[in-house]
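Structural characterization, general
What follows is the residue order along each chain.
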Amino acid sequence: QFFDRLVVRHVVILNPAASVRGPRHQVREGKTPAISPRQARAVLRRIDTQSVVGLRDRAIVATMIYTAARAGAVAKLRLGDFYTDGRQWFFRLDEKGGKVRDIPCRHDLEGYVQDYLRAAGIAGEDPAAPLFRTAQGRTRRLTRNGVSGKDVLRMAKRRFRDAGLPAARLTCHTFRATTITDLLSQGVPLEDVQHLAGHADPRTTRLYDRRRREVTRNIVERISI
């Protein structure tokens, strides 16, 4: 590639490495660890919702689980991005690469977000205002500033620890991998899961599938030595 660039820039006439072939690298499974649906439910249950911060955290975690959205897209949500068409509620997610996707909001997630909005008292504010807001120190009060992707990651790590899970290994992407694996395990067509995840290529969606790891573990447990 270096010599190709030199040829394009007219530094050399021919590429002396044109016949060289690099090693083939195939990735069949991503490195993002997933958790079980039971563990994901435990993360939600262990969040103390007696404060507006707890209601916010539950709404954020549930949004990542039930929309398979990336933390960055959740952090960028505005009040106007949580909207209804008169029949059901949606999230308008601004994903990486400039993709904008509308994902239906399931009933329990809708309830979590509505509970948070009522507690925060921000339901009628400017639609361009941040949906999820930072906390003011340890006062359990919210500021007017929106959370960042790093804020969401720190919160998720804290909630993993509260649920007794290895937070050092887990990230916000863990919820994404867990949701994709859960849907594929239930027989949901790959193309539907791909659309939910916002992947342009189904091979990317397969990287999040952790079912093969479970099969491998089941096989080795049957060794009778």
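Everything here concerns the structure above.
Heads up: these notes are all about the structure in this document. In this text, all values refer to a predicted model and were calculated from it rather than measured experimentally.

1. Looking at the packing of aromatic side chains
In the structure shown here, the tally under the stated rule is 6 aromatic pairs. With centroids separated by 5.5 Å and ring planes inclined at 70 degrees, the aromatic side chains of F2 and F3 adopt a geometry described as edge-to-face. A relative accessible area of 31% places F3 in the partly exposed class. Look at F160 and F175: their rings are 5.0 Å apart centre to centre, the planes differ by 20 degrees, and that puts the pair in the stacked class. Note that F160 is positioned in helix α6 (residues 149–162) and F175 in helix α7 (residues 172–185), a separation of 15 residues in sequence. F175 matches F160 in its accessibility class, with the two residues each being buried. A network of ring pairs unites the aromatic residues F82, W89 and F91 as a single cluster. Note that R106 overlies the ring of Y66, its terminal NZ or CZ placed 4.0 Å from the centroid.

2. What to know about the side chain of Q194
Looking at where Q194 falls in the secondary structure, it is placed in helix α8 (residues 190–197). According to the relative accessible area criterion, Q194 is buried, its value standing at 14%. Contacts of Q194, omitting those with residues within four sequence positions, involve H199, A200, D201, P202 and T205.

3. Comments concerning the pattern of salt bridges
Enumeration according to the criterion identifies 16 salt bridges in this entry. Two residues, D57 and R158, come together in a salt bridge whose shortest N-O distance is 3.5 Å. Of this pair, D57 sits in helix α3 (residues 52–67) while R158 sits in helix α6, and the two are 101 residues apart along the sequence. Under the relative-accessibility criterion, R158 is labelled partly exposed at 34%. Residues participating in the shared-partner salt-bridge network are R56, D57, R158, R159 and D162.

4. As for the sheet that holds strand β3 (residues 100–104)
Ordered in space as β1-β2-β3, the 3 strands form an open sheet in which the pairing is antiparallel. Where the open sheet ends on each side, the last strands, each with one partner, are β1 (82–84) and β3. Pairs of neighbouring strands in the sheet enclose a mean axial angle of 30 degrees, with direction left out of account.

5. Things to note about the pairing of strand β5 (residues 142–146)
On any regular strand, side chains alternate: one points to one face of the sheet, the next to the other face. Pairing geometry for strand β4 (residues 133–135) and β5, over 2 bridges, is antiparallel. Residue pairing in the sheet places A135 in a bridge with L142 of β5. Counted along the chain from β4 to the antiparallel partner β5, the turn is 6 residues long, and its residue G137 has a positive phi close to 60 degrees.

Quick notes on the rules
Residues numbered from 1 in each chain as written. Predicted model: local features only at pLDDT ≥ 70, side-chain atom pairs only at ≥ 80, totals over all residues. Heavy atoms only, no water. Phe/Tyr/Trp six-rings, centres within 6.5 Å; stacked < 30°, edge-to-face > 60°. Buried < 20%, exposed > 50% of the residue type's maximum accessible area, 1.4 Å probe, protein only. Helix = DSSP H or I, 4+ residues; strand = E, 2+ residues; numbered from the N terminus. Lys NZ or Arg CZ within 6 Å of the ring centre and 35° of its normal. Contact = heavy atoms within 4.5 Å. Salt bridge = Lys/Arg side-chain N within 4 Å of Asp/Glu carboxyl O. Pairing = 2+ DSSP bridges. Axes fitted to C-alpha atoms, helices over the stretch in contact; angles between N-to-C directions.

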